[in-house]
Every structure is written in structure tokens, then in C-alpha cells.
Amino acid sequence: AISGDTAIVGAYQDGDNGSSSGSAYLFDLSTWQQIAKLLPTDGAPGDFFGISVAISGSMAIVGAYQDDDNGPDSGSAYLFDVVTGQQIAKLLPSDGASGDAFGTSVAISGGTAIVGAWRDDDNGSQSGSAYLFDVTSGQQIAKLLPSDGASDDVFGLSVAISANAAMVGAPGDGDNGSGSGSAYLFDVVTGQQIAKLLPSDGASSDWFGIPVAISESTAIVGAYGDDDNGSSSGSAYLFDVVTGQQIAKLLPSDGASDDTFGISVAISGGIAIVGAEGDADNGPYTGSAYVFDFDCNANGILD
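We now turn to the structure provided with this report. (Residues numbered from 1 in each chain as written. Predicted model: local features only at pLDDT ≥ 70, side-chain atom pairs only at ≥ 80, totals over all residues. Heavy atoms only, no water.)

With antiparallel pairing, 4 strands are arranged side by side in an open sheet as S9-S10-S11-S12. Strands at the two margins of the open sheet, each flanked by one partner only, are strand S9 (105–109) and strand S12 (140–144). Neighbour-to-neighbour, the strand axes of the sheet open up by a mean angle of 15°, direction not taken into account. Taken together, the 6 bridges between strand S10 (residues 112–117) and strand S11 (residues 129–134) define a ladder with antiparallel strand orientation. (Pairing = 2+ DSSP bridges. Helix = DSSP H or I, 4+ residues; strand = E, 2+ residues; numbered from the N terminus. Axes fitted to C-alpha atoms, helices over the stretch in contact; angles between N-to-C directions.)

Okay, structure coming up:
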């Protein structure tokens, strides 16, 4: 993940605190030099610290989804000061339980962080949840649950946040068929659901919602199992955050079966990037990424 002149990289199988205890590293992008190695104060074998990372300004967050504070594989996340590299707080949900996998996904924007727990079972087995935290105090602000959550939705497998909007992916949701997927927008201030995002042409096994990202008023959601260019060729969708309406469907110019275009996504301003790890330009599964230039006017229409 990246913010300004600083990048953070996770290494979840690093062994400083035991096998697969994990670590993360900060780098200065003006010099390319390593700034710090981040380690939790209570790291232990099998925590997988670094499985997820995010950064915003002077604050970084690192997930450790197999930490055991609330039971085996209940999970945790840690806040770090980017300038000093020091741990600021350890984040734990108020109702964490064994197997929740809290910390599988993390994101941060300004004074708010979001952490996903896709194995939480408030709405059934592996229905999933996400939590908002105040970065300054380290206190939980809200627990996010979808209005129509159900077993195996895996809501919280992916999360994103920007300003006053948070987005949570639920790739196991079945509105358009088994494994078609969905994503949800929430108001960060109130914790209330704003909209449920569904693609206009969703279908079974699209896995829409495994990656999500958001920047200001535009969100992007990947659907790596989509079949427009062949089986699991993949796609991605742009949505207007204010209205919840789909703006565009993104497809690569040379998409092919098993490219899994949409397995990863990112967005900033009017630029989006989409990963296609199965692309074979340099041999089977060598992978590629595609950059899209877009601009949306005040009415959410792609210019």
C-alpha cells in the first residue's frame, strides 16, 4: 500500500517472532530506502502479521488474522506511527471469537480504520462483518453488518475506505447466483448502510467483491470469475459512491480465459489499475496489470 512518499509491504511468513509470525516494512519512495521494519509487541508463531496492510498519512495498519487473543484465529490488527515505526495500538473487536479471521483485510483513511472479519457468524456461518475504529484513540466506533447478510457471504473479505464512505466486499453473496458476489457502501460517521452494489450483468461464480477500492466519489470492484472474454477472464466495475449506480464495466483489450482480470484493483483520482495474475504474455500465469484513465462528471457519467 502507498500514501504520499511512503510505502508499506507485508511479509506474513517472516519468522522474527516464530514461524509465520510475520512482519511489515516501510519504504521511503523518494530514496527507495527502507525506513523501518514493523513488528507487533506481542507477535507469536502463526499470527500471519502482514497478511494485510494499509497506510494513510502518518498512520499505518497491519492485520494479523490468525492472532489468538479472542480464541484461535480470532485475529487482530495493529496501528503504527509511520514516522517513528512504533506501535500505537492493537485493535481488537468488542465481540471477537475463535475463527473470525479479524484482520484479513484492513484499510485506513484520515482518522478512521476499517478491519474485515469474514468468518464472523452474526448472520450465519461465515456471513462476515467489518469494524470501524478511531485511529487516534484506537477505540471501536461501529460494527458493520449488511442488511441482508447470510451464511457464506464472507462479507468483510475485502474492505476499503475514503473520507466518509467505507466499502465492504461480500463475494459469496448469491443475489445473481451462487458466488456472484456483492459490495456494500457505509457511512463512516453513522455506520449505516448506504447502498448495496451489484453489477448490471452479474452471474454465478463471478466473485464480484473479492477486491474493492474507493477514491473520493468513485469505487471499483473486481469480478475475476466473470466470463466475458472466456472462462474466468474477469472484469471490474466502476460505481458512483454517492448514488450507488454503476458507471462503467472495465475489460482489458486482450482478455482471455483464465486471465482472472480483476483479482486485484486500486484507484486514485481518475486512474484505476486492475491486476490479471493469470495473463500469459510472458508465459503461463506470468501476469499483468492494466491502467485505465477515466473521469466522471458531476452527474456520475463517464466522460
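Time to look at the environment of Phe261. Looking at the element boundaries, Phe261 is found in strand S21 (residues 261–268). For the pair formed by Phe261 and Met167, sequence separation is 94 residues and the distance between their alpha carbons is 20 Å.

Here we take up the layout of surface pockets. Taken as a whole, the largest pocket encloses approximately 1,200 Å³ of empty space. Lining the largest pocket are 41 residues, with Ala1, Val212, Ala213, Val265 and Ala266 sitting closest to its centre. Put simply, the parts of the chain that give the lining of the largest pocket at least two residues each are strand S1 (2–3), strand S2 (6–11), strand S5 (49–56), S9, strand S13 (158–162), strand S17 (212–215), S21 and strand S22 (271–276). The residue inventory of the lining of the largest pocket, partitioned by class, reads 28 nonpolar, 12 polar and 1 charged. (1 Å grid on protein atoms, 1.4 Å probe; cavity = no way out; pocket = protein on both sides within 12 Å on 5 of 7 lines; lining within 4 Å. Points joined across faces, edges and corners; volume = space filled by probe spheres on them. Nonpolar A, V, L, I, M, F, W, Y, C, P; charged D, E, K, R; others polar.)

Let us look at the packing of aromatic side chains. Inspection of every chain in the model, using the stated rule, returns 12 aromatic pairs. Ring centres of Phe261 and Tyr290 lie 5.4 Å apart, and the angle between their planes is 75°; this geometry places the pair in the edge-to-face category. With a gap of 29 residues between them, Phe261 in strand S21 and Tyr290 in strand S23 (residues 288–293) connect regions that are remote in the sequence. Per residue, the accessibility class of Phe261 equals that of Tyr290, and both read buried. Through a chain of ring-to-ring contacts, three or more aromatic side chains come together here, namely Tyr12, Phe48 and Tyr65. (Phe/Tyr/Trp six-rings, centres within 6.5 Å; stacked < 30°, edge-to-face > 60°. Buried < 20%, exposed > 50% of the residue type's maximum accessible area, 1.4 Å probe, protein only.)

What follows covers the pattern of salt bridges. Enumeration according to the criterion identifies 14 salt bridges in this entry. With a shortest N-O distance of 2.5 Å, Lys143 and Asp95 are connected by a salt bridge. In this pair, Lys143 is assigned in strand S12 and Asp95 in the loop between strand S8 (87–91) and S9, connecting sequence segments 48 residues apart. Residue classification places Lys143 among the partly exposed residues on the basis of a relative accessible area of 22%. Take Asp95: its relative accessible area is 33%, and that puts it in the partly exposed class. Taking the shortest distance from any N to any O, the salt bridge between Asp120 and Lys143 comes out at 2.8 Å. You can see Asp120 sitting in the loop between S10 and S11 and its partner Lys143 sitting in strand S12, a full 23 residues away along the chain. The exposure class assigned to Asp120 is buried, which follows from its relative accessible area of 3%. Salt bridges sharing partners connect three or more residues here, namely Asp42, Asp67, Asp69 and Lys90. (Salt bridge = Lys/Arg side-chain N within 4 Å of Asp/Glu carboxyl O.)

Attention now moves to a nonpolar patch on the surface. Taken together, the side chains of Ile271, Ile273 and Val291 define a hydrophobic patch exposed on the protein surface, amounting to about 250 Å² of accessible area. Looking at Ile271, the relative accessible area reads 38%, which means it is partly exposed. (Patch = residues over 30% accessible without salt bridge, like charges linked within 9 Å, V, L, I, M, F, W, Y side chains within 5 Å. Areas by Shrake-Rupley, 256 points an atom, 1.4 Å probe, with all protein chains shown as cover.)

To continue, consider the environment of Gly172. Turning to its location among the elements, Gly172 is positioned in the loop between strand S14 (165–170) and strand S15 (182–187). Gly172 sits in the buried class, given a relative accessible area of 18%. Each residue touching Gly172, except ones within four places of it in the same chain, is listed here: Asp152, Asp153, Val154, Gly179 and Trp207. (Contact = heavy atoms within 4.5 Å.)

Turning to the sheet that holds strand S16 (residues 193–197), a few remarks are in order. Read across the open sheet, the 4 strands follow the order S13-S14-S15-S16; overall the sheet is antiparallel. Edge strands, defined here as strands with exactly one partner in the open sheet, are S13 and S16. When the angles between neighbouring strand axes are averaged without regard to direction, this sheet yields 20°. Pairing between S15 and S16: 4 bridges, direction antiparallel. Considered in S16, the bridge of Tyr184 is made with Lys196.

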